[in-house]
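# Inside the fold
Listed here are the chains, written in short residue letters.
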Amino acid sequence: MGLKKRGQGLRSWIRVDSSGNSQIIEVDKFTMMRRCDLPARDLRLLDPLFVYPSTILGREKAIVVNLEQIRCIITADEVLLLNSLDNYVLQYVVELQRRLTTAAVGEVWQSEGPELNRRRSSRNYDNYLPFEFRALEVALEAACTFLDSQAAELEIEAYPLLDELTSKISTLNLERVRRLKSRLVALTRRVQKVRDEIEQLMDDDGDMAEMYLTEKKSRMESPFHEQGSMGFRSKRLDKCLSIARSRHESMRSSESGTESIEELEMLLEAYFVVIDSTLNKLTSLKEYIDDTEDFINIQLDNVRNQLIQFELILTTATFVVAIFGVVAGIFGMNFAIPLFDNPGAFKWVLMITAVCGITIFCAFVWFFKYRRLMPL
C-alpha cells in the first residue's frame, strides 16, 4: 500500500471555493489533470522542487498562476494551491477568504502604494469581479507586494554600504558590494519577468478573453438547460428559436466579453504600474551602484597616477645621486694630479657636483611639467 500511494504521487492541496471556505485535500497528479483539464507540463510549473520563471497561463477551464511563492490553479469556482507553510501562501489564502466573504471587494492591502490605490479607486466596483479575477487579483497583489518589499529591503541595505565604500575602499566592502549586486541582478530579473508577463497579457486580447472562465462555463451549460425547457415544441420552431437565440447569445457574449476584457485589462494595468515602479527602484539602485563603481575607478586611477608621478621623481633623484657616484669614481682612480695637493679642492668639487645635480633635477622637473606629465 505504501508503494502504491507513493506511486500515485498524492500531494496536499489547499482548496478555496467561491464562498471563501477552505479545506485541505490530497489529490494525485492525474486526477488534478482531469479535474482542471490541464496538461502535465502546466502542473510542472507548480512543482516546488523546480524553479520556473513567473508565468500566467489561461487554459480552457483554468488559469495556471506561478508568481513567486504563489503557485495555484484558478477555476471558475475554486482555487487550488499546493499546501505550504510559507507565510505568503498562508497570507494569500487568508486574504482571498476575506475578500470572498466581504461585500467590499475593492478593499486593498495596506502595503500597496498610493499609485495603485488611486487607480483602483477610479474603477467601478458596483459590479463584482468574477471569481477567477478576484483570485488572480490577490495573487498579483501578493507577488507585487513581496517583490516590492524585497526591493525596499535591498535599498535600505545598499545605500549605506555604497556610501561607506566611497569613503573607505577595502576588500571587505568590495566583497559586500559584489554580493549585493548579485542579489540585485537576480531580483531585477524576477521583477522584469513578472512585468513582461503582465505586459504580454495586456497586449493579447485573446489570452485575456481565454481567462474569463465564468462566462465560458455559463456558455457551455446554458444550451443544455434551454434544450430541456424547449423539448415540447416542434422541431421547426425549435430550429428557428435556436438560430435567433444563438445570434442573441453571440452578440451578448461578445459585448460581455469586451467588457470583461476591459475590466481585466484595467486590473492588469493597475498591477503593471506597481511592478513597473518596483523595477524603476531597482534600476535606480543599479545606476547608483554603477556611479559608485565609476567613482571608485576614478579614485583608483588618481592613486595610480600619483604613484607613477612619485616613481618618476624618484627615478630622477636616483639619476642625480648617480652623478656623485661618477665623480667619486673618477677621483678614486690611481693617478696623481696637482688638484689633490690643494686643501680646498674637495670642498669645491663637492659644491660644483651638488649645483650640477640640482640643476639637472630642476631641468627634468620643468620638462615633466612642460610635457604635462606632472600636475602644475
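Residues numbered from 1 in each chain as written. Predicted model: local features only at pLDDT ≥ 70, side-chain atom pairs only at ≥ 80, totals over all residues. Heavy atoms only, no water.

## Some words on the overall build of the protein
When you go through the protein residue by residue, the secondary structure sums to 11 helices and 6 strands. As presented, the protein carries roughly 22800 Å² of accessible surface, and 59% of it is formed by carbon and sulfur atoms. (Helix = DSSP H or I, 4+ residues; strand = E, 2+ residues; numbered from the N terminus. Areas by Shrake-Rupley, 256 points an atom, 1.4 Å probe, with all protein chains shown as cover.)

## Points about the nonpolar core
Core analysis: the largest hydrophobic core is formed by 62 residues, its most contacted members being I74, V79, Y92 and I198. Counting only elements with at least two residues in this core, the list comes to β1 (11-17), β4 (63-67), β5 (70-74), β6 (78-82), α4 (87-100), α6 (131-167), α7 (171-203) and α10 (235-331). It is α6 that contributes the most residues to this core, 18 residues altogether. If sequence neighbours within four positions are ignored, I74 has contacts with K61, A62, I63, V65, V79, Y92, E132, A135, L136 and L213. (Core = buried A, V, L, I, M, F, W, Y, C linked by side-chain atoms within 4.5 Å. Buried < 20%, exposed > 50% of the residue type's maximum accessible area, 1.4 Å probe, protein only. Contact = heavy atoms within 4.5 Å.)

## Details of the pattern of salt bridges
Under the counting rule described, the total for this entry stands at 23 salt bridges. Of the charged contacts, one joins E175 and R178 as a salt bridge, the two residues approaching to 2.5 Å between their closest N and O atoms. Of this pair, E175 and R178 both sit in helix α7, 3 residues apart, which is roughly one turn of that helix. Across the salt bridge formed by R304 and D301, the nearest N and O atoms sit 2.5 Å from each other. One end of the pair is R304 and the other is D301, both in helix α10 and 3 residues apart, which spans about a single turn. With relative accessibility at 45%, the residue R304 sits in the partly exposed group. Taking relative accessible area as the criterion, D301 reaches 36% and is therefore assigned partly exposed. Beyond isolated ion pairs, a larger network of salt bridges with shared partners links E95, R98, R99, E137 and E141. (Salt bridge = Lys/Arg side-chain N within 4 Å of Asp/Glu carboxyl O.)

## Describing the packing of aromatic side chains
Per the counting criterion, the structure on display carries 7 aromatic pairs. Taking 4.6 Å as the distance between ring centres and 75° as the angle between the ring planes, the aromatic pair formed by Y88 and F146 counts as edge-to-face. In this pair, Y88 is assigned in helix α4 and F146 in helix α6, connecting sequence segments 58 residues apart. For Y88, a relative accessible area of 23% gives the class partly exposed. An angle of 80° between the planes, with centres 5.8 Å apart, marks the rings of F319 and F364 as edge-to-face. Here the residue F319 occupies a position in helix α10, and F364 occupies one in helix α11 (residues 345-370), the gap between them amounting to 45 residues. Judged by its relative accessible area of 43%, F319 is partly exposed. According to the relative accessible area criterion, F364 is partly exposed, its value standing at 32%. Put simply, the rings of F319, F364, F367 and F368 touch in pairs and so form one group of aromatic residues. (Phe/Tyr/Trp six-rings, centres within 6.5 Å; stacked < 30°, edge-to-face > 60°.)

## Notes on the UniProt feature "transmembrane region" (unreviewed entry) in the protein
As recorded in UniProt, the feature "transmembrane region" (unreviewed entry) lies at residues 312-336 and 348-368. A helix fraction of 80% and a strand fraction of 0% characterise residues 312-336, whose end C-alpha atoms lie 39 Å from each other. With 100% helix and 0% strand, residues 348-368 has end C-alpha atoms that lie 30 Å from one another. (UniProt positions renumbered as here; feature names shortened; annotations may be inferred.)

## Considering unusual backbone geometry
Glycine aside, residues mostly have negative phi, and peptide bonds are mostly found in the trans state. A positive phi angle, near 55°, is found at D37, a position not held by glycine. Mapping D37 onto the fold places it in the loop between α2 (29-36) and α3 (40-44). Given the relative accessible area of 41%, D37 is considered partly exposed. Not every positive phi belongs to a glycine, and E68 is a case in point at roughly 55°. Take E68: it is sitting in the loop between β4 and β5.

## Observations concerning the UniProt feature "coiled-coil region" (unreviewed entry) in the protein
UniProt tags residues 177-204 as "coiled-coil region" (unreviewed entry). As annotated, residues 177-204 has a helix share of 96% and a strand share of 0%, and its two end C-alpha atoms lie 40 Å apart.

## What about α7?
Under the 1.5 Å per step criterion, the end-to-end length of α7 is 47 Å for 33 residues, consistent within 8% with the ideal 48 Å. Those residues of α7 that sit buried are N173, V177, L180, L184, L187, V191, V194, R195, E197, I198, L201 and M202. (Expected span 1.5 Å × (residues − 1).)

## Describing the sheet that holds β5
As summarised here, the arrangement of the 6 strands in space is β2-β1-β6-β5-β4-β3, forming an open sheet in which the pairing is antiparallel. One side of each edge strand has no neighbouring strand; the edge strands of this open sheet are β2 (22-27) and β3 (55-58). Across this sheet, the average inter-strand angle for adjacent strands is 20°, counted without regard to direction. Examined bridge by bridge, β5 and β6 share 3 bridges and lie antiparallel to one another. If you follow I73 over to β6, its bridge partner there is L80. The strands touched by α6 are β1, β3, β4, β5 and β6; relative to β4, the strand with the most contacts, the crossing angle is about 10°. (Pairing = 2+ DSSP bridges. Axes fitted to C-alpha atoms, helices over the stretch in contact; angles between N-to-C directions.)

## Description of the side chain of D42
The residue D42 is located in helix α3 in this model. A relative accessible area of 2% means that D42 is categorised as buried. In terms of polar contacts, D42 uses its side chain to reach the side chain of R59, at 2.8 Å. (Polar contact = N/O pair within 3.5 Å; in protein donor to acceptor, adjacent residues only side chain to side chain.)

## A closer look at a negative patch on the surface
On the surface, a cluster of negative charge is contributed by D203, D204, D205, D207, E262 and E265. Where the negative patch is concerned, the elements lending two or more residues are α8 (205-210) and α10. By secondary structure assignment, the location of D204 is in the loop between α7 and α8. (Patch = residues over 30% accessible without salt bridge, like charges linked within 9 Å, V, L, I, M, F, W, Y side chains within 5 Å. Lys, Arg positive; Asp, Glu negative; His and termini not counted. Charge placed at Lys NZ, Arg CZ, Asp CG, Glu CD.)

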